Amino acid sequence: MSWRSCAWWGLLLASTVARGQELPATLGLTEALQRFDRVGYDVLLAEAAVESARADTLTAAALINPSVLGSALVPVQTTPRQCADPSCSAVLWTAQVGDNGALFDVVFGKRGARRRVAEAAYAAARLNRQDALRTLHFQVKSALVEAARAARALEATLTVQASLERIVELNRVRYSSGAISEADLAKVETETLEAQADVDRARLALTQAKVMVAFLLGVRGPVPPFDVDLGLLADQGPRGAEALTLDGLTHKALAQRPDLKAAAAQRARADASLDVARRAVLPDVQLAPQVSAYGSGTLPNAAPYAGFAAQVQVPLFYRFEGEVARARAEQRTQAVAEDKVRAQVVADVEVAFAAFTSARHRLERMNGGLLARAERTRDLIRFQYEKGAGSLLELLDAERQLVSVRLEYVQDLADYWTALFQLEQAAAGEVT
């Protein structure tokens, strides 16, 4: 890589770091992915690998440079008989141009075979970049889902804390009037303190999730304040999600997965490498037309001579058997690797589809009335307790059950969207 290329990459890296320090007030999925594609270091590294492979194609397509040879020999001493005329010259000069095997490198197809190897490697590098984006986009989506889940969990714990604080105030009034014992007041105060501890843990989880999001989006300094779009955890999934089938997703993944296409490109590169190894046994023929002359003027040998030289490296003792055997082994390796990737694609889709189906069923069950019944139960028991018809233990149990169901609901939402994004990663594209 030239110094200009290094300087360009350095400036680009510096500019992306500077841009990566800023984040919008509310970060959504589309904005996060767009920023990641611009400033993510992993993306820049993948692009550099693609540029390196493209440079190899230029090297493979280049023609061998010719060589030019010239010489002039001046006699140390001349006799009058050799050169009696003052205008004559006894210098021996020679000029030669050699192609260094460029012509037969093209005729024997060696240059073309090298180009096919480099072009297949370039195609594999571009597909590997796409596959890296497929995996990295899933990481960004998962980090956003986790941040949204932490924000929703913090809201749930704050709601529970506020509810318990109201109960504490009510029970302090009752205790002062002698309606309840000090033990009952201590119980509800203990529950309130535990709710405050849950709020602190939820705030910590939200901070950690935001730091991870900022790291993935290129922020290397202090994390700026931002909020995650809570609309990411929609209660209902995208349209058409219930119609997804395992066979359809597997067929789509086998047709679209860039890692499978990259494995096919690597196998094509191995095939071309075997062709290069086989053509290496063809002799390297170097052609060199030349002209030479001895003296000028009245010398008897003043007429120039023209000729043609050829040099052949004959593969007599070693016929590149090792290179051919190594290329055949690489060909078999890449064929097995492609089969392995194909099997991995099928396994990824099956695992992701099972996780998505399970998460969808849990979310449907939650939306089917579990959360609403838990809220209704807590409201009824609290109303009875405020009227003096219910016990404190029943109220605290209802509060615990409600917060558990709410947190489970938030986790079900996060699991559902994470499973959907994982399914899109496995299929290498949107699935709904």
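The structure displayed is predicted, hence computed values, not measured ones. (Residues numbered from 1 in each chain as written. Predicted model: local features only at pLDDT ≥ 70, side-chain atom pairs only at ≥ 80, totals over all residues. Heavy atoms only, no water.)

A. View of the nonpolar core. Within the largest apolar cluster, 54 residues are counted, with the highest numbers of intra-cluster contacts made by Val140, Leu144, Val213, Leu217, Phe356 and Leu423. Breaking this core down by element, the ones donating at least two residues are helix H2 (29-39), helix H5 (110-177), helix H6 (182-216), helix H7 (246-256), helix H9 (321-386) and helix H10 (392-427). Take this core: its biggest share by element is 13 residues, from H10. Among the nonpolar cores identified, the runner-up in size contains 14 residues, and Leu185, Val188, Ala398 and Val403 belong to it. (Core = buried A, V, L, I, M, F, W, Y, C linked by side-chain atoms within 4.5 Å. Buried < 20%, exposed > 50% of the residue type's maximum accessible area, 1.4 Å probe, protein only. Helix = DSSP H or I, 4+ residues; strand = E, 2+ residues; numbered from the N terminus.)

B. Main features of the packing of aromatic side chains. Considering all chains together, one arrives at 5 aromatic pairs under this definition. Judged by centre distance (5.3 Å) and plane angle (55 degrees), the rings of Phe104 and Phe108 are tilted. Residue Phe104 is classed as partly exposed on the basis of its relative accessible area, which comes to 24%. For the ring pair Tyr318 and Phe320, a centre distance of 5.5 Å and an interplane angle of 50 degrees mean the geometry is tilted. Under the relative-accessibility criterion, Tyr318 is labelled partly exposed at 42%. By way of ring pairs, the aromatic residues Phe356, Tyr416, Trp417 and Phe421 are connected into one cluster. Over the ring of Tyr122 we find Arg126, and its NZ or CZ is 4.6 Å from the ring centre. Positioned above the aromatic ring of Phe226, the side-chain terminus of Lys210 is 5.6 Å from the ring centre. (Phe/Tyr/Trp six-rings, centres within 6.5 Å; stacked < 30°, edge-to-face > 60°. Lys NZ or Arg CZ within 6 Å of the ring centre and 35° of its normal.)

C. Layout of the sheet that holds strand S6 (residues 305-313). On the basis of which strands lie adjacent, the open sheet formed by 4 strands has the order S2-S3-S5-S6 and antiparallel pairing. In this open sheet, the two strands that pair with only one neighbour each are strand S2 (67-73) and S6. Neighbour to neighbour, the strand axes of the sheet diverge by 20 degrees on average, direction disregarded. (Pairing = 2+ DSSP bridges. Axes fitted to C-alpha atoms, helices over the stretch in contact; angles between N-to-C directions.)

D. Spotlight on the environment of Asp397. Tracing the backbone shows Asp397 in helix H10. Judged by relative accessible area, Asp397 falls into the partly exposed class, the value being 44%. Sequence separation of Asp397 and Arg378 is 19 residues, and the distance between their C-alpha atoms is 8.7 Å.

E. Structural context of the environment of Asp259. Locating Asp259 in the fold gives a position in helix H8 (residues 258-279). The spacing of Asp259 and Asp131 is 128 residues in sequence and 5.6 Å in space, taken between C-alpha atoms. Apart from residues lying up to four places away in sequence, Asp259 is in contact with Asp131, Arg134, Val341 and Val345. (Contact = heavy atoms within 4.5 Å.)

F. Structural detail: the pattern of salt bridges. Following the criterion strictly, the structure yields 30 salt bridges and no others. Between Glu330 and Arg269 there is a salt bridge; the shortest N-O distance is 2.8 Å. In this pair, Glu330 sits in helix H9 while Arg269 sits in helix H8, placing the two residues 61 residues apart along the sequence. Residue Glu330 is classed as partly exposed on the basis of its relative accessible area of 26%. Asp275 is paired through a salt bridge with Arg279; the nearest N and O atoms lie 3.1 Å apart. With Asp275 and Arg279 both in helix H8 and 4 residues apart, this pair spans about one turn of that helix. Exposure remark for Arg279: the relative accessible area of 26% places this residue in the partly exposed category. Through salt bridges with shared partners, a single ionic network connects Asp131, Arg134, Arg257, Asp259 and Asp348. (Salt bridge = Lys/Arg side-chain N within 4 Å of Asp/Glu carboxyl O.)

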